[in-house]
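Residue-level structural notes
Listed here are the chains, written in short residue letters.
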Amino acid sequence: MDKRLERILPRVQKPARYVGGEYNAVIKNKAEVDTRIAFCFPDTYEIGMSNLGMRILYGVMNRMEGVWCERVFAPWGDMEEEMRRTGMPLFALESGDPVGEFDIIAFSVGYEMAFPGILNLLDLSGVPIRTADRTGLTPLVIAGGTAMYNPEPMADFIDVVSLGEGEYVTEELIELHRKARREGWSRRAFLTQAAQIPGLYVPSLYEVDYHEDGTVKAITPKEGAPAQVTKRIVPDLDESYFPVKTIVPSTEIVQDRVMLELFRGCIRGCRFCQAGYVYRPVRNRSSELCARYCVDACDDSGYQEVTLSSLSTSDYPPLTGLCDALEPFCAQRHVNLSLPSLRADNFSMELMQRLAKGRKSGLTFAPEAGTQRLRDVINKNVTQEELLRSCHTAFAGGYNAVKLYFMLGLPTETDEDVLAIADLAARVMHEWREAAPNKNRGVRITVSTSWFVPKPYTAFQWVGQISKEEYERRVALLRDAIKTKTVTYNWHDSETSVIEAVLARGDRKLCKVLETVWRKGARLDAWEEYFSYDRWQEAFAECGVDPSFYANRQRPADEIFPWETISCGVTKAYLRREYEKAAAGVTTPDCRTLCGGCGANRLTGGACRV
Amino acid sequence: MSKLRLLFTKEAQASYISHLDLLRTFQRVFPRSGLEIRHSQGYHPHPILSIVLPLPVGQSSCCELLDFEVTQETDGQGVAQRLNEGLPAGIRVLACYPAVRPVRELAALQAEVTLEYDSGVPAGALPELSALLRQEELLVEKRTKHKELATVNIAPMLCDCRIEEGEGEVRLFVTVQAQNPGLNPQLLSQAIERYAPRLSPDFTRVRRCEVLDGTGRPFR
């Protein structure tokens, strides 16, 4: 072990995060490796190791001959301080080698608030943060993940953006880079060639012109780069790689269990939900394969908990059959199945009985809005009756805690909608009185609200976020309306939602802001301990950027969006139709009931097999 | 049902795995080896396994002991090999055998404490250190279970000490009391800082080498 590291570790919290050596971590012989990849997650070990995408791509890259992919996570504040004090550069967990010496530095970016952290990791590696200041073929800085569907605020820093699912395109990119190094291409030549691979977006090959009012006038591709880059997908999940044999951390992480991915995409089409649109089309993994992966993954890892993961697990057609098929194995091996993302409209007694036996703690539903009118606007097709029936079922079955998630600041929201949240909670309470077999145990109903952030590639991408003052007024309104003591109200008062709204639909003018805010100390800004709203405000002021231009402005129908070079498959015309239907309060049926013609089926070259 | 004991190493990267994380790690590796850990009865069954003398985070050891119960009848043969296929780097099971001797017979432990001096070992360090460690009273400050600082005399818990000088380091081979109360050898470095500040090392490394019973023989 590195001597500097040995001396630092006793001084920092949770040192096990920084040493690697976990079961199934991949160690290769450097003599047989010609491509070294530092796969960076711009958040802590506990968060990054909980990310399934990271595990999939780690496996995909490491099964390539001559390629060694290693993991890198953001150090916590105390660790960074020690590293900077002792001059120790950022290192990869498997080999301990400095990240700056790697051929490719790849970032998995799931969340806008991770942007400053990316600059910080590059800096800790001793790599120039700006793509323009990196002259050689190595290290190549690439990024992918949901937050990279609009990479424009990061355009100055990232060499190549990988769009969509990385299983295939990552291999293609690595092979091209290998060829370029072997044949001694220039950096420019490599980037131009990379832009020709479907799914790869090279920001430096696009010139953006702006109108005087700051909106985009035109985006012009250069050097043969395509006018539009479409995300990549895995057409058939049964054919794609799944990390059955995966790293088992030696220290506790957030999702410390087997993550079994049942399907990708979502049939629902909630109009605020970016994941629901960008992960289309829906592709199911066969139930037989899921069952086999579950058993094999438990066998290899020794985990006794499995999350049946997807965007909306109760929408998996063979779900009950899968649970039944796994029942004997789970009973014999003390394995619990957990189901996140339940929908209130198809939650059943049948399903409930299959959930973790014995432990009936709490259930979570997300009605998102208090009135039917507003739920119709956002296309969250759950009725009050369905929600109450589901709660009734749960209470009757012995559950005594329900969490209800809502958003404040949704388009067209009125005070009546806000107050209806309190009313709904009271009705849930009433259901408990009716249904609970043992009232002595009491009940806990938790209402949580977050602040709606309009995201690109959604039906609400044209909409402005409500102001901070207005959001706070609505929180107060709801707080005063919740009178029952058994209902706890939690609200997200974090100002991160404002910054998230700015970055999510930002353009290249924000690159300067990101660099400024990072220089002022922004790092792990997804963490409340580190986030400073004032620091962001200062950075906006210094760069002459008005955050409300990005966050609060209602955008006209004909505005060219900064992210329009990128397509996630769903067309802008479809999203506009959804936007108009939202304004009219008209719902759209789910994909299984009726195809809405969103355009994502073009990615598989036929009709979706929902 | 069988009661078994593991003898294992915990070194290099694995030295940084905390006690609770180590228990979790072992809980996961047992199913892989085909052994079914016995669970406690009740509403929330938990696996029955315990680490005999948890090693402080950051120290390494080649003589850790873990006691556990399995539902099968076995004398532990072949278990070490099967477990080793699934353990993190730095943890290696050396032996698995029926747990016969009660843990209370474990009386002392031997450790190697390396004091590193970046600008060379100070002149006269050896005689000064050996005199210091023979003192009748060595007071150090220690956090109690209630998180308060308490001053403790560690001299009675230090049974034996041999000193050796190396390149830029001094090595103490100590035998200390293991339990009721036990001495964390790391505290010796704190005593040095207190009584002989000029001999304060730049870094202290601790390695547990052997666990002993009351007669001074290895405890297994």
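Per chain, residue numbering runs from 1 following the sequence as it is written. The naming scheme follows written order: chains are lettered A onward, ligands numbered 1 onward. Where local features are concerned, this predicted model is filtered to residues with pLDDT of at least 70; where side-chain atom pairs are given and counted, the filter is 80 or more; whole-chain, interface and lining totals use all residues. As a rule here, side-chain values come from all non-hydrogen atoms in the structure, and water together with hydrogens is ignored.

Moving on to the overall build of chain B. Each helix is a run of H or I in the DSSP string that is no shorter than four residues. Each strand is a run of E no shorter than two, and both are numbered from the N terminus. Within chain B, the secondary structure is distributed over four helices and 10 strands. Listing each helix as α and each strand as β along chain B from the N terminus yields β-α-β-β-α-β-β-α-β-β-β-β-α-β. Considered along the principal axes of its C-alpha atoms, chain B spans approximately 60 × 35 × 35 Å. Three exposure classes are used, based on accessible area relative to the maximum for each residue type with a 1.4 Å probe and protein chains only: buried under 20%, partly exposed in between, and exposed over 50%. Out of the 220 residues belonging to chain B, those deemed buried represent 48%. Note on contacts: a residue pair is in contact if any heavy atoms of the two residues lie within 4.5 Å. Taking the intrachain contacts of chain B between residues at least 6 apart in sequence as the baseline, contacts between residues at least 24 apart amount to 73%. Accessible areas in this description were obtained via Shrake-Rupley with a 1.4 Å probe; residue shielding takes into account the shown protein chains only. For chain B, the exposed area adds up to about 10600 Å²; of that, 49% sits on carbon and sulfur atoms. Taking the 25 positively charged and 27 negatively charged side chains of chain B as two groups, their mean positions are separated by 6 Å. Neither His nor the chain termini are counted; the positive set is Lys and Arg, and the negative set is Asp and Glu. Note on charges: their place is set at NZ of Lys, CZ of Arg, CG of Asp or CD of Glu.

Our focus in this paragraph is the pairing of strand 1 (residues 2-10) of chain B. Residue and element names in this part refer to chain B. With eight of its nine residues buried, strand 1 lies for the most part within the structure. Both strand 1 and strand 3 (residues 60-70) contribute to a ladder of eight bridges, which runs antiparallel. Following the sheet pairing, Arg-5 is matched in strand 3 by Asp-67. Two strands form a pair only when DSSP identifies at least two bridges running between them. Relative to strand 4 (residues 91-98), strand 1 runs antiparallel, the two sharing seven bridges. Note that in strand 4 the partner of Lys-10 across the bridge is Ile-91.

Turning next to the domain arrangement of chain B. Residue and element names in this part refer to chain B. Domain borders in the structure are assigned automatically or taken from a domain database. Structurally, chain B comprises domain 1 (2-100) and domain 2 (105-213). For domain 1 versus domain 2, the separation of C-alpha centres amounts to 29 Å. Domain 1 puts 13 residues into the contact, and the matching count from domain 2 is 13 residues. Summed over both partners, the accessible area lost on bringing two parts together, with a 1.4 Å probe, is the buried area. Regarding the contact of domain 1 and domain 2, the summed buried area is about 1000 Å², with carbon and sulfur atoms giving 53% of it. Counting the surface domain 1 buries against domain 2, the share from its top three residues, Leu-53, Gln-59 and Cys-63, is 52%.

What follows deals with the interface of chain B and chain A. The interface is formed by 25 residues belonging to chain B together with 28 residues belonging to chain A. Carbon and sulfur atoms supply 49% of the area buried between chain B and chain A, which totals about 2200 Å² over both sides. When the buried area of chain B at its contact with chain A is split by residue, Tyr-16, Arg-28 and Arg-32 of chain B rank highest and sum to 31% of it. A pair is scored as a salt bridge if a Lys or Arg side-chain nitrogen falls within 4 Å of a carboxyl oxygen belonging to Asp or Glu. Our count for the chain B to chain A interface comes out at six salt bridges. For Glu-252 of chain A, the salt bridge is made with Arg-24 of chain B, and the minimal N-O distance between the two is 3.5 Å.

So, on to the packing of helix 13 (residues 384-396) of chain A against helix 14 (residues 415-435) of chain A. Residues and elements named next belong to chain A. Angles here are taken between N-to-C directions and fall from 0 to 180 degrees, while the axes themselves are lines fitted to C-alpha atoms, restricted in helices to the stretch in contact. One way to put it is that helix 13 packs onto helix 14 with a least axis distance of 9 Å and a crossing angle of 40°. Judged by the twist between their axes, the crossing of helix 13 over helix 14 is right-handed. Listed contacts from helix 14 to Gln-384, Leu-387, Leu-388, Cys-391, His-392, Phe-395 and Ala-396 of helix 13 are Leu-424, Arg-427, Val-428, Glu-431, Trp-432, Glu-434 and Ala-435. Taken together, the residues that form the contact of helix 13 with helix 14 break down as nine nonpolar, two polar and three charged. Crossing handedness is read from the near helix: turned anticlockwise from the far helix by less than a right angle, it gives a left-handed crossing, and turned clockwise, a right-handed one. Any residue that is not Ala, Val, Leu, Ile, Met, Phe, Trp, Tyr, Cys, Pro, Asp, Glu, Lys or Arg is counted as polar, Gly included; the first ten are nonpolar and the last four charged.

Note on sheets: strands pair through backbone hydrogen bonds, and any given pair is parallel or antiparallel. Residue and element names in this part refer to chain A. The strand order 10-13-14 describes an open sheet built from three strands, whose pairing is parallel. The sheet terminates laterally at strand 10 (258-261) and strand 14 (336-338), the two strands that pair on one side only. Neighbour to neighbour, the strand axes of the sheet diverge by 25° on average, direction disregarded. Against the sheet, helix 9 (residues 287-301) touches strand 10 and strand 13 (305-309), its axis set at about 165° to strand 10.

Now for the sheet that holds strand 5 (residues 160-162) of chain A. Residue and element names in this part refer to chain A. Taken in spatial order, the six strands of this open sheet run 2-1-3-4-5-6, and their pairing is mixed. Strand pairing shows two members of the sheet lacking a second neighbour, strand 2 (67-73) and strand 6 (200-201), which therefore form its edges. Pairing of strand 4 (residues 140-144) with strand 5, which is carried by three bridges, proceeds in the parallel orientation. Looking at the pairing, Ala-143 lines up with Val-161 of strand 5. Contacting strand 1 (35-41), strand 2, strand 3 (104-108), strand 4, strand 5 and strand 6, helix 6 (residues 169-183) runs over the sheet at an angle of about 135° to strand 1.

Here we take up the environment of Pro-197 of chain B. Here Pro-197 of chain B shows up in the loop between helix 4 (187-195) and strand 10 (203-213). Residues Pro-197 of chain B and Leu-20 of chain B, spaced 177 residues apart in sequence, show a C-alpha to C-alpha distance of 35 Å.

This brings us to the environment of Lys-468 of chain A. All names here are of chain A. Mapped onto the elements, Lys-468 comes out in helix 15 (residues 468-481). For Lys-468 and Thr-230, which are 238 residues apart along the polypeptide, the C-alpha to C-alpha distance reads 35 Å. Every residue in contact with Lys-468, bar those within four places of it in the chain, is listed here: Trp-451, Glu-495 and Tyr-533.

This part is about helix 20 (residues 572-584) of chain A. Residue and element names in this part refer to chain A. An expected span of 1.5 Å times one less than the residue number is assigned to each helix. Taking 1.5 Å as the rise per residue, helix 20 with 13 residues should run 18 Å; its terminal C-alpha atoms sit 18 Å apart, in good agreement. Taken together, the buried positions of helix 20 are Tyr-574, Leu-575, Arg-576, Glu-578, Tyr-579 and Ala-582. At its buried positions, helix 20 is contacted by helix 8 (274-278) and helix 12 (372-377). Positive phi appears at Gly-585, one or two residues downstream of helix 20, with a value of about 70°.

This part covers the pattern of salt bridges. Under the definition given, this model contains 75 salt bridges over all chains. Between Asp-415 of chain A and Arg-473 of chain A there is a salt bridge, with its nearest N and O atoms 2.8 Å apart. Separated by 58 residues along the polypeptide, Asp-415 of chain A in helix 14 and Arg-473 of chain A in helix 15 bring together distant segments of the chain. Looking at Asp-415 of chain A, the relative accessible area reads 31%, which means it is partly exposed. Residue class for Arg-473 of chain A comes out partly exposed when judged on its relative accessible area of 37%. Ionic pairing is found between Arg-5 of chain B and Asp-67 of chain B, a salt bridge with its closest N-O pair at 2.7 Å. With Arg-5 of chain B in strand 1 and Asp-67 of chain B in strand 3, this residue pair connects regions lying 62 residues apart in the sequence.

In these notes, a set of buried Ala, Val, Leu, Ile, Met, Phe, Trp, Tyr and Cys residues joined through side-chain atoms within 4.5 Å is what counts as a nonpolar core. Within the largest apolar cluster, 204 residues are counted, with the highest numbers of intra-cluster contacts made by Phe-107 and Phe-190 of chain A. For this core, the element with the highest residue contribution is helix 14 of chain A, accounting for nine residues. Judged by nonpolar contacts, the second largest core, of 38 residues, contains Val-52, Cys-63, Leu-65 and Val-140 of chain B.

What follows is about the state of the cysteines. The disulfide criterion used throughout: a pair of cysteine sulfur atoms within 2.5 Å. Here the structure, examined in full by the defined rule, presents zero disulfides over all chains. Free cysteine: Cys-391 of chain A, not disulfide-bonded; nearest cysteine sulfur from Cys-270 of chain A at 18 Å.

Before going further, it helps to spend a moment on helix 4 (residues 77-86) of chain A. Residues three or four positions apart in an α-helix share a direction because the helix packs 3.6 residues into each turn. Residue and element names in this part refer to chain A. Every buried residue of helix 4 is listed here: Gly-77, Asp-78, Met-79, Glu-80, Glu-82 and Met-83. Against the buried residues of helix 4 lie helix 1 (3-8) and helix 5 (115-124). Residue Gly-87 follows helix 4 closely and has a positive phi angle near 70°.

All names here are of chain A. Aromatic contacts are taken between Phe, Tyr and Trp rings whose centres are within 6.5 Å, Trp giving its six-membered ring; a plane angle under 30 degrees counts as stacked, one over 60 as edge-to-face, and the others as tilted. Applying the stated criterion to the full structure yields 19 aromatic pairs over all chains. Plain terms: the ring middles of Tyr-201 and Tyr-206 are 5.1 Å apart, the flat faces sit at 35° to each other, and that makes the pair tilted. Using a relative accessible area of 1% as the deciding quantity, one classes Tyr-201 as buried. Taking the relative accessible area as the measure of exposure, Tyr-206 reaches 3% and is therefore buried. With a centroid separation of 6.1 Å and 5° between ring planes, the pair formed by Phe-263 and Tyr-316 is classed as stacked. With Phe-263 in strand 11 (residues 263-264) and Tyr-316 in the loop between strand 13 and helix 10 (319-333), this pair connects stretches of sequence that are 53 residues apart. Taking the relative accessible area as the measure of exposure, Phe-263 reaches 3% and is therefore buried. Among the aromatic side chains, those forming a connected cluster through ring pairs are Tyr-149, Tyr-457, Trp-462, Phe-561, Trp-563 and Tyr-579.

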